[in-house]
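Commentary on secondary and tertiary structure
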Amino acid sequence: MAPLGFFGAPNIPKLKRARDVDGLVRALGYRKDPAIRSGAAVALGKTGDPRAVHPLILSLSDDYEQVCIAAFKALWEIGPPAVEPLMAGLRDDDSTIHDTIAKELQMIGENGAVAPLIAALGDENERVRQTAAAVLVDIGAPAVQPLIAEFLDETSRITESAAVVLRHIGRPAVRSLIIALMPNDPSVRRQISGLLKQIGPPAVEQLCFVLISGELQQRHGAAEALGYIGDPKAAVPLTIALDDMHPDVRLKAAEGLRTIGTPAVAPLITALKEGNAGVRDSAGTVLEQIGPPAAAALIDALETEESGIRDRAAELLGTIGDPVAVAPLIGALGEPEGDVRGAAALALGKIGDARSVEPLVGTLSDADEKVRMKAIEALIRIGDGRANDPLLRALREENPGVRSNTRYVLGTISRTPSDDPLICALLDELKGDEAIAADNLFSWPFTGPSATFQRRYVDARGYDYELFRASSPENARTFLKARTVDIPNYSVIVETPDGTWGRDRNGVFLEHLEPWQVSFAGSADCDGTILSWSSFRLEMAARGEHDNFVCDLRCGNCSRIWTDGVRYQNITAVRCPGCNAVNRIDSSNVVCYFI
């Protein structure tokens, strides 16, 4: 009796020509000849008919290897229709071909297996979940995008499983994850950054590359991710990014360097030496934030570098306040460069160590007026009684400029005359210089629209400044708009409790935005409107040389028009001086065409 309805051996070529799927399926069970079973499997694969899937899966466990291989290839050719039956085979506890099924799913891969495999990450059967994860890892790149979509889907039940698979895929997933960093949603960026951190070195390498050569949103996302990851290998690229044309990238680079900490000190010191003015300022700020771990490198710079770096190193050591810097700073009081001596004196005043009192008293007779000013300020801040008499003697012999600066310094000291004999004596000494109430030296001494002159000074570059104070940014702007400045390298600066404004020959400017103006933009009270802007300040902002450009705005709440600073091609929060509403200002439509 012939098996499975055949009278004799099945004729595979004939069945194939007739596309007789049922006949080929029966031939697949012809036990007498493995060659016929193998031929039937091959022919069924060519048909692509879903009816062949289940018999072919059974043939994966055939006693003859050639039949198993033919069935394996046939299922691959059929493709997507085979996926669900194969997944059912994984759930079968009695099956002996789980590994073969997993390999089959891997082979089908991007041709239809990815979506069912991702869904299987949430299967109740642990073996199915583990196998699906392993197969997705083996599939690699074709599975990355749908896995990222699942990972970022807040409603998904398999977010964590998708993250695990992406982490194991590793390098092939990194580029797509970096591209996914581009949206402005901080929570999404943080999720992806955390995943990139788990992937490790391959992610850091590609993020560093994108940070230097990518488009704006990519650079911003890469800087933020590298900061979150905190890998020391990112220190040099992040330091380079302090010179990025866009302030948001520079901000994230600085935050990243602060997170990396000690390993970032060496490249930051290099930036302090070799960078442009903006990079040097950013590097100095980060070194301040890193704090005591940066002290040793700054002491080395204080003792070995040229004066332009040494005075900045001294300034930073004073801000950091680590007593380990006291002895090197005392040594710097004897340096030939006045800028270095002055910076060292101020730094010692900030640290406040008693060891510096006598050396600073000696500096009261320095030939350089600016050094004497800073020594007086330092000794006042330290408040050590040993300096009282030398300070008063020195002040009696000083010129009006030094005495005026001392009065300004007293206005910044938190100690009051009733609490401190030195403050009382100094105020008594200075009271005849100008009719000014002693109480006003300890608070903002004005309430009206005018600005109060504080001092005039020259910086290390030879730029002249007139420094004023005003009670509010609105008063500062009103004052500055009435001034005329037509001299190169000359600026009028007005400090207020809510930011510093200035005017030079190119017009009014805001020194820098406050952190709340970036972070609070999403919670504004209303949307404001940009009416006009300064083309010079716009170009500076577009080039990344300033974090804002000055423009005229209209409040979305009360229609008040005023002048303020906003970010270039971005969102900024600004407060209306009329109704106090926080306005959301979108400058994405303001474009500089001259860069």
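Summary of the structure given here. (Residues numbered from 1 in each chain as written. Predicted model: local features only at pLDDT ≥ 70, side-chain atom pairs only at ≥ 80, totals over all residues. Heavy atoms only, no water.)

Structural notes on the overall build of the protein chain
Test applied: The secondary structure listing takes helices from DSSP runs of H or I that are at least 4 residues long and strands from runs of E that are at least 2 residues long, numbered from the N terminus. Put simply, the radius of gyration uses C-alpha atoms, and a globule should come to 2.2 Å times the residue count raised to 0.38. Buried residues are those whose accessible area, probed at 1.4 Å on protein chains only, stays under 20% of the maximum for their type, while exposed residues exceed 50% and partly exposed ones sit between those limits. Throughout, a residue-residue contact means that at least one pair of heavy atoms, one from each residue, lies within 4.5 Å.
Assigned secondary structure in the protein chain consists of 31 helices and 11 strands. Taken against the 2.2 N^0.38 rule, which gives 25 Å for 595 residues, the C-alpha radius of gyration of the protein chain at 37 Å runs more than 25% over that of a compact globule. Once the C-alpha set of the protein chain is aligned to its principal axes, its extents read approximately 130 × 55 × 40 Å. In the protein chain, which comprises 595 residues, the share counted as buried stands at 51%. Pairs at least 24 apart in sequence give 58% of the contacts found in the protein chain among residues at least 6 apart.

Some details on helix α14 (residues 201-213)
Under the convention used in this document: An expected span of 1.5 Å times one less than the residue number is assigned to each helix.
The end-to-end C-alpha separation of α14 is 19 Å, in line with the 18 Å expected for 13 residues at 1.5 Å each. Turning to α14, its buried residues are Pro202, Ala203, Val204, Leu207, Cys208, Val210 and Leu211.

A look at the sheet that holds strand β2 (residues 464-469)
To be explicit about the condition: At least two bridges found by DSSP between two strands are what make those strands a pair. Note on definitions: angles span 0 to 180 degrees between N-to-C directions of axes, and those axes are lines fitted to C-alpha atoms, for helices only across the stretch in contact.
Pairing within the open sheet is mixed, and its five strands lie in the order β1-β2-β3-β4-β5. Where the open sheet ends on each side, the last strands, each with one partner, are β1 (452-458) and β5 (507-510). Adjacent strand axes in the sheet meet at a mean angle of 20 degrees, parallel and antiparallel pairs treated alike.

Remarks on a nonpolar patch on the surface
Heads up, the condition is: Only residues whose relative accessible area exceeds 30% and that form no salt bridge are eligible for patches; like-charged ones are grouped when within 9 Å, while nonpolar side chains (Val, Leu, Ile, Met, Phe, Trp, Tyr) are grouped when within 5 Å. The accessible surface values rely on the Shrake-Rupley method and a 1.4 Å probe; as for residues, cover is taken only from the protein chains in view. Whenever a carboxyl oxygen of Asp or Glu lies within 4 Å of a side-chain nitrogen of Lys or Arg, that contact is scored as a salt bridge.
On the surface, a nonpolar cluster with roughly 270 Å² of combined accessible area is contributed by Ile212, Val236 and Ile240. Along the chain, Ile240 falls in helix α16 (residues 235-240).

Topic: the packing of aromatic side chains
Going by this rule: Ring geometry is summarised as follows: Phe, Tyr and Trp rings, the Trp one being its six-membered ring, pair when their centres sit within 6.5 Å, and such pairs are stacked at plane angles under 30 degrees, edge-to-face over 60 and tilted between the two.
The tally for this structure, following the rule as stated, stands at two aromatic pairs. Measuring from centroid to centroid gives 4.9 Å for Phe468 and Phe479, while their planes differ by 50 degrees, and the two rings are tilted. Of the two residues, Phe468 is situated in strand β2 and Phe479 in helix α29 (residues 473-481); the sequence distance between them amounts to 11 residues. Centroid distance Phe549 to Tyr568: 6.5 Å. Interplanar angle 75 degrees. Geometry classified as edge-to-face. With Phe549 in strand β8 (residues 549-554) and Tyr568 in the loop between β9 (561-566) and β10 (571-575), this residue pair connects regions lying 19 residues apart in the sequence.

A look at the nonpolar core
Basically, it comes down to this: Residues belong to one nonpolar core when they are buried, are Ala, Val, Leu, Ile, Met, Phe, Trp, Tyr or Cys, and are joined through side-chain atoms within 4.5 Å.
Leu56, Leu147, Leu196, Leu298 and Leu329 are the most contacted members of the largest nonpolar core, which totals 145 residues. Membership of the second largest hydrophobic core comes to 18 residues, among which are Ala541, Ala542, Phe549 and Leu553.

Some remarks on the side chain of Glu466
For clarity, the cut-off: Polar contact criterion, stated in full: a pair of N or O atoms within 3.5 Å, where within protein one must be able to donate a hydrogen and the other to accept it, and residues adjacent in sequence count only if both atoms are side-chain atoms.
Structurally, Glu466 is set in strand β2. Side-chain polar atoms of Glu466 contact the side chain of Tyr490, separated by 2.4 Å. Contacts of Glu466, omitting those with residues within four sequence positions, involve Phe453, Arg455, Arg456, Arg483, Tyr490, Ser491, Val492 and Ile493.

Re unusual backbone geometry
In this structure, Arg19 takes a positive phi of about 50 degrees despite not being glycine. Structurally, Arg19 can be placed in the loop between α1 (12-17) and α2 (21-28). Notably, Gln569 is not glycine yet its phi reads approximately 55 degrees, a positive angle. Looking at where Gln569 falls in the secondary structure, it is placed in the loop between β9 and β10.

What to know about the environment of Arg37
Topologically, Arg37 is positioned in helix α3 (residues 34-47). With a relative accessible area of 1%, Arg37 lands in the buried category. Counting along the chain gives 10 residues from Arg37 to Ala27, while the straight-line C-alpha distance between them is 6.0 Å. Beyond its immediate stretch of four places on either side in the chain, Arg37 contacts Ala27, Leu28, Gly29, Tyr30, Arg31, Lys32, Asp62, Tyr64 and Val67. Here the side chain of Arg37 touches Arg31 through a polar contact of 3.1 Å, landing on its backbone oxygen.

Points about the pairing of β9
With five of six residues buried, β9 lies mostly within the body of the structure. Across six bridges, β8 lies against β9 in antiparallel orientation. Following the sheet pairing, Asp552 is matched in β9 by Thr563. Linking two consecutive strands that pair antiparallel, namely β8 and β9, is a turn of six residues; a positive phi of about 70 degrees is found at Ser559 within it.

Some thoughts on helix α28 (residues 421-430)
Quick note on the threshold: This arc is built from the directions going out from the helix axis to the C-beta atoms.
Taken together, the buried positions of α28 are occupied by Leu422, Ile423, Leu426, Leu427 and Leu430. The buried residues of α28 all sit within an arc of 130 degrees when viewed along its axis, so they share a single face. As for α28, its buried residues are in contact with α25 (369-382), α26 (388-396) and α27 (400-410).

A short note on the pattern of salt bridges
Counted under the stated rule, the structure contains 28 salt bridges. Note that Asp62 and Arg31 form a salt bridge whose closest N and O atoms lie 3.8 Å from each other. Linking Asp62 in the loop between α4 (53-59) and α5 (65-78) with Arg31 in the loop between α2 and α3, this pair joins segments that are 31 residues apart in sequence. For Asp62, a relative accessible area of 11% gives the class buried. Among the charged side chains, a salt-bridge network with shared partners connects Arg189, Glu224, Lys252 and Glu255.

A closer look at the packing of helix α18 (residues 265-274) against helix α19 (residues 277-290)
Selection criterion: Note on convention: near helix rotated counterclockwise from far helix by under a right angle means a left-handed crossing. Clockwise means right-handed. Put simply, Ala, Val, Leu, Ile, Met, Phe, Trp, Tyr, Cys and Pro go in the nonpolar bin, Asp, Glu, Lys and Arg in the charged bin, and everything else, Gly too, in the polar bin.
Following both chains from N to C, one finds α18 and α19 inclined at 145 degrees, their axes separated by 8 Å at the closest point. Taken as a pair, α18 and α19 cross one another with a handedness that is left-handed. Counting all contacts with α18, which are made through Val265, Leu268, Ile269, Ala271 and Leu272, the residues of α19 involved are Val279, Arg280, Ala283, Gly284, Val286, Leu287 and Ile290. When its residues are assigned to classes, the contact of α18 with α19 shows 10 nonpolar, one polar and one charged.

Some points on the environment of Ala88
As for its position among the elements, Ala88 is in helix α6 (residues 83-91). As a C-alpha pair, Ala88 and Ser176 span 88 residues in sequence and 31 Å in three-dimensional space.

Comments concerning the environment of Gly338
Residue placement: Gly338 occurs in helix α23 (residues 338-351). Between the alpha carbons of Gly338 and Asp368 there is a distance of 6.5 Å; along the sequence they are 30 residues apart. Look past the residues within four positions of Gly338 in its chain and what remains in contact with it is Asp368 and Val371.

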